[in-house]
Amino acid sequence: MLAEQLIFIIIAFVLFVYMFFQLIKKNDTKYVPILAIEAIGIGIDFMQLYFAEDDISFGMKMLIYTLSIIIPVLVIAIEKINSNISEVIDSFIARIYLMFGNNKAAKNKLIKLITQHPESYIGHKLLAEIYEKEGGQRKAVDEYTQAIEINKKDYNSYYKVANLLTDLDKKDEAVQMLTTLLNKKPDFPEATIALGDLLIEQENYKEAVNIYAEALKQNPTNYDLNYNLGIVYTMLNDFPNAKLYYEKAADLNTLVYNTKYSLAEIAMIYKELEEAEQYFMQATQDPELEADAYLELARICLIRNEKDKAIQYANIALESNPRKIAEKIKNDEAFIIVIHKLTIPLNLENIEEKQSKLSKKDRKAKEHLEKSSEITRSIGYDEVKMAKYKKSKLENAIESEQPDEQVEEQEKQKEIEDL
């Protein structure tokens with residue numbers, strides 16, 4: 001028992017002296033409570049010795065050891081991980097304040113911390129998160145930037161800053177921040193998508209292709225990367241590549257119908273009516289795309305001279321979004337022959353058009369495809385069939401290794417026969 005007491009006193013005294021020197025060295029008052037706790041533990045131990053209480057309870061013994069040894073040892077262990085004990089204590093207190101919804105007290109505690117210790121990574125990061133939640137984007141950017149300066153590998157803060165800069169309409173700075181982030185960490189799909197969105201908005205499509213293509217090397221099965229690359233190729237009028245990536249996206253996520261609608265419009269551009277019909281029918285399952293999809297189905301039926309079916313589809317489209325669809329029908333000569341049988345409301349001015357829930361880039365790509373499809377409507381379907389027929393015959397001739405002159409002669413002969 002005496003040996004145990006002696007060992008305890010030596011260890012407790014050494015720890016007390018160590019904490020005292022830390023207080024002097026760092027001039028940090030956070031060590032004062034720790035020294036007070038140690039003193040209480042040592043004091044209790046001396047009291048039980050003074051009153052000759054050899055047989056103290058286990059609970060009392062644990063209390064003495066906790067106050068005098070365990071707590072100081074924990075503090076030393078924390079210092080080995082983070083040399084700034086104030087940072088640990090203040091950030092912990094700030095989190096407690098946040099837990100109880102007292103943002104003001106948490107901010108005050110953190111501001112005091114970073115004032116005393118400007119290199120406190122945790123302090124700047126927590127303060128940035130509070131400012132961001134409160135809508136103080138500029139202050140949040142400043143604090144996240146400080147956190148990045150202290151910890152260069154805090155990639156999430158890079159991403160946060162880029163998003164905040166985008167919200168502040170500082171798009172060029174956001175592009176620069178995201179580019180820096182992806183140079184440091186290429187495998188960051190969210191950053192790639194954010195950068196791609198900005199490049200699409202700036203109509204820098206070729207750079208967006210490079211960004212998405214590089215990201216797909218790291219994440220080939222990422223739906224958003226494939227879908228966004230389809231959008232970029234759409235805006236470049238590279239419809240074969242757009243179709244390729246829309247198809248990949250559709251395979252990865254069968255429940256998102258934007259890809260189906262895009263594939264349907266591309267099929268319309270190339271006069272593949274059956275394929276377009278299948279995709280538009282699938283797109284009708286999405287309330288956001290339902291009206292436009294049914295209108296396109298009506299157009300396909302008019303091309304096939306299926307007037308009754310066209311009227312049915314057009315009326316469903318009108319019921320879903322009367323103001324938008326009525327405007328489209330009135331501007332489309334194809335509907336002249338059936339417009340008298342359509343249920344177009346008389347008071348369209350009093351009907352509010354449904355607000356689109358599609359993102360800016362989704363709307364941009366959708367409108368581009370619809371306009372491209374409209375432009376190609378002037379090309380007759382018979383002409384397209386003839387072009388496909390000629391292409392097929394030419395390919396067959398090449399496979400048979402026929403001379404070019406013979407192929408041309410056969411094509412001329414076929415045209416004469418058709419006439």
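About the thresholds
The residue numbering used here restarts from 1 in each chain and proceeds along that chain's sequence as written. For a predicted model such as this one, the threshold for reporting local features is a pLDDT of at least 70, and the threshold for listing and counting side-chain atom pairs is 80 or more; totals across whole chains, interfaces and linings nevertheless cover every residue. Hydrogen atoms and water are omitted, and side-chain values are computed over all heavy atoms in the structure. Helix and strand definitions follow DSSP, with helices as H or I runs of at least four residues and strands as E runs of at least two, each counted in order from the N terminus. For each residue, the accessible area found with a 1.4 Å probe, counting protein chains only, is set against the maximum for its type, and the residue is called buried under 20%, exposed over 50%, and partly exposed in between. We call two residues contacting when some pair of their heavy atoms lies within 4.5 Å. The Shrake-Rupley method, run with a 1.4 Å probe, gives the accessible areas here. Residue values count only the displayed protein chains as cover. To define a nonpolar core, start from buried Ala, Val, Leu, Ile, Met, Phe, Trp, Tyr and Cys residues and group those joined through side-chain atoms within 4.5 Å. Only the six-membered ring of Trp is used, alongside the rings of Phe and Tyr, when aromatic pairs are assigned; centres must lie within 6.5 Å, and planes under 30 degrees apart are stacked while those over 60 apart are edge-to-face, with the rest tilted. The method works on a 1 Å grid over the protein atoms by themselves. A cavity is a set of points holding a 1.4 Å probe that cannot get out, a pocket is an open set with protein on both sides within 12 Å along at least five of seven lines, and residues with an atom within 4 Å of a point line them. Grid points are joined across faces, edges and corners, and a volume is the space filled by probe spheres set on the points. Any residue outside Ala, Val, Leu, Ile, Met, Phe, Trp, Tyr, Cys, Pro, Asp, Glu, Lys and Arg is labelled polar, Gly included; the first ten of those are nonpolar and the last four are charged. Looking at any residue, its pLDDT shows the predictor's confidence there, from 0 to 100. For salt bridges, the criterion is a side-chain nitrogen of Lys or Arg within 4 Å of an Asp or Glu carboxyl oxygen. How far a helix is expected to stretch is found by multiplying one less than its residue total by 1.5 Å. Here a polar contact means two N or O atoms within 3.5 Å. Within protein one must be a hydrogen donor candidate and the other an acceptor candidate, and residues neighboring in sequence count only if both atoms are side-chain atoms. Excluding any residue in a salt bridge, patches collect residues exceeding 30% relative accessible area, merging like charges within 9 Å and nonpolar Val, Leu, Ile, Met, Phe, Trp and Tyr side chains within 5 Å.

(A) Quick look at the overall build of the protein. Along the backbone of the protein there are 21 helices and zero strands. Sorting the 419 residues of the protein into buried and exposed places 42% on the buried side. A separation threshold of at least 6 residues defines the contact pool for the protein, and within that pool the share at least 24 residues apart is 56%. Working note: accessible area of the protein is about 24200 Å², and carbon and sulfur atoms make up 55% of it.

(B) The arrangement of the nonpolar core in detail. Of all hydrophobic cores here, the largest spans 94 residues; its most connected members are Tyr-246, Phe-280, Ile-329 and Phe-335. Looking at this core, the element that brings in the most residues is helix H16 (residues 290-303), giving nine residues. Counting 11 residues, the second-largest nonpolar core is a separate cluster that includes Leu-15, Ile-34, Ile-64 and Val-75.

(C) Spotlight on the packing of aromatic side chains. Scanning the entire structure with this criterion turns up six aromatic pairs. Residues Tyr-223 and Tyr-227 carry aromatic rings whose centres are separated by 5.8 Å and whose planes lie at 5 degrees to one another, so their mutual orientation is stacked. Of this pair, Tyr-223 and Tyr-227 both sit in helix H12 (residues 223-235), separated by four residues, roughly a single helical turn. Note on accessibility: Tyr-223 and Tyr-227 belong to one class, buried. A centroid spacing of 5.9 Å and a plane angle of 15 degrees characterise the contact between Tyr-233 and Tyr-245, whose relative ring orientation is stacked. Taken together, the residues span a long stretch of sequence, with Tyr-233 in helix H12 and Tyr-245 in helix H13 (residues 239-252) at a distance of 12 residues. Across the pair, Tyr-245 and Tyr-233 agree in class, each one buried. Here the aromatic cluster, defined as three or more aromatic residues joined through ring pairs, consists of Tyr-223, Tyr-227 and Tyr-246.

(D) Main features of unusual backbone geometry. Of note in this structure, Glu-203 is not a glycine but carries a positive phi near 60 degrees. Secondary-structure assignment places Glu-203 in the loop between helix H10 (189-201) and helix H11 (205-218).

(E) Quick peek at the layout of surface pockets. Its volume calculated, the largest pocket comes out at about 860 Å³. Secondary-structure elements contributing two or more residues to the lining of the largest pocket are H16, helix H18 (322-330) and helix H19 (360-376). Sort the elements by how many residues they give to the lining of the largest pocket and H16 lands first, with seven residues. Taken together, the residues of the lining of the largest pocket break down into eight nonpolar, five polar and 20 charged.

(F) The arrangement of the environment of Ile-269 in detail. Secondary-structure assignment places Ile-269 in helix H14 (residues 258-269). When its relative accessible area of 11% is taken as the criterion, Ile-269 is described as buried. Sequence-distant contacts of Ile-269, defined by excluding residues within four places in its chain, comprise Phe-239, Leu-369, Ser-372, Ser-373 and Thr-376.

(G) Up close: the confidence of the model for the protein. Here the protein averages 85 in pLDDT, while 84% of its residues score no lower than 70. Note on residues 415-419: pLDDT is under 50 here. Beyond four places in sequence and across chains, it has two contacts.

(H) The arrangement of the pattern of salt bridges in detail. Tallied over the entire structure, the rule returns 20 salt bridges. Here Asp-154 ties to Lys-125 by a salt bridge, and the two come within 3.4 Å at their closest N and O atoms. Placement of the pair is Asp-154 in the loop between helix H7 (137-150) and helix H8 (155-167) and Lys-125 in helix H6 (residues 121-134), with a sequence separation of 29 residues. Owing to a relative accessible area of 6%, Asp-154 belongs among the buried residues under this scheme. Between Glu-275 and Lys-243 there is a salt bridge whose closest N-O contact spans 3.2 Å. Highlighted residues: Glu-275 in helix H15 (residues 273-283) and Lys-243 in helix H13, separated in sequence by 32 residues. The class for Lys-243 is partly exposed, based on a relative accessible area of 25%.

(I) Representation of H12 in the model. Counted at 1.5 Å a residue, the expected span for H12 with its 13 residues is 18 Å, and the 19 Å between its end C-alpha atoms agrees. Of all 13 residues in H12, 12 are buried, a share of seventy percent or more. Restricting attention to buried positions, one finds in H12 the residues Tyr-223, Leu-225, Asn-226, Tyr-227, Asn-228, Leu-229, Gly-230, Ile-231, Val-232, Tyr-233, Thr-234 and Met-235. Where the residues of H12 are buried, they touch H10, H11, H13, H14 and H19. Two to three positions downstream of the cap, the backbone nitrogen of Asp-224 sits 3.0 Å from a side-chain oxygen, assigning the N-cap of H12 to Asn-222. Asn-237 lies just past H12 and shows a positive phi near 60 degrees.

(J) Highlighting a nonpolar patch on the surface. A cluster of nonpolar residues, Phe-58, Met-62, Ile-70 and Leu-74, forms a patch on the protein surface that exposes about 410 Å² of accessible area. Counting through the fold element by element, Phe-58 comes out in helix H3 (residues 58-81). Overall, Phe-58 belongs to the exposed group, its relative accessible area being 65%.

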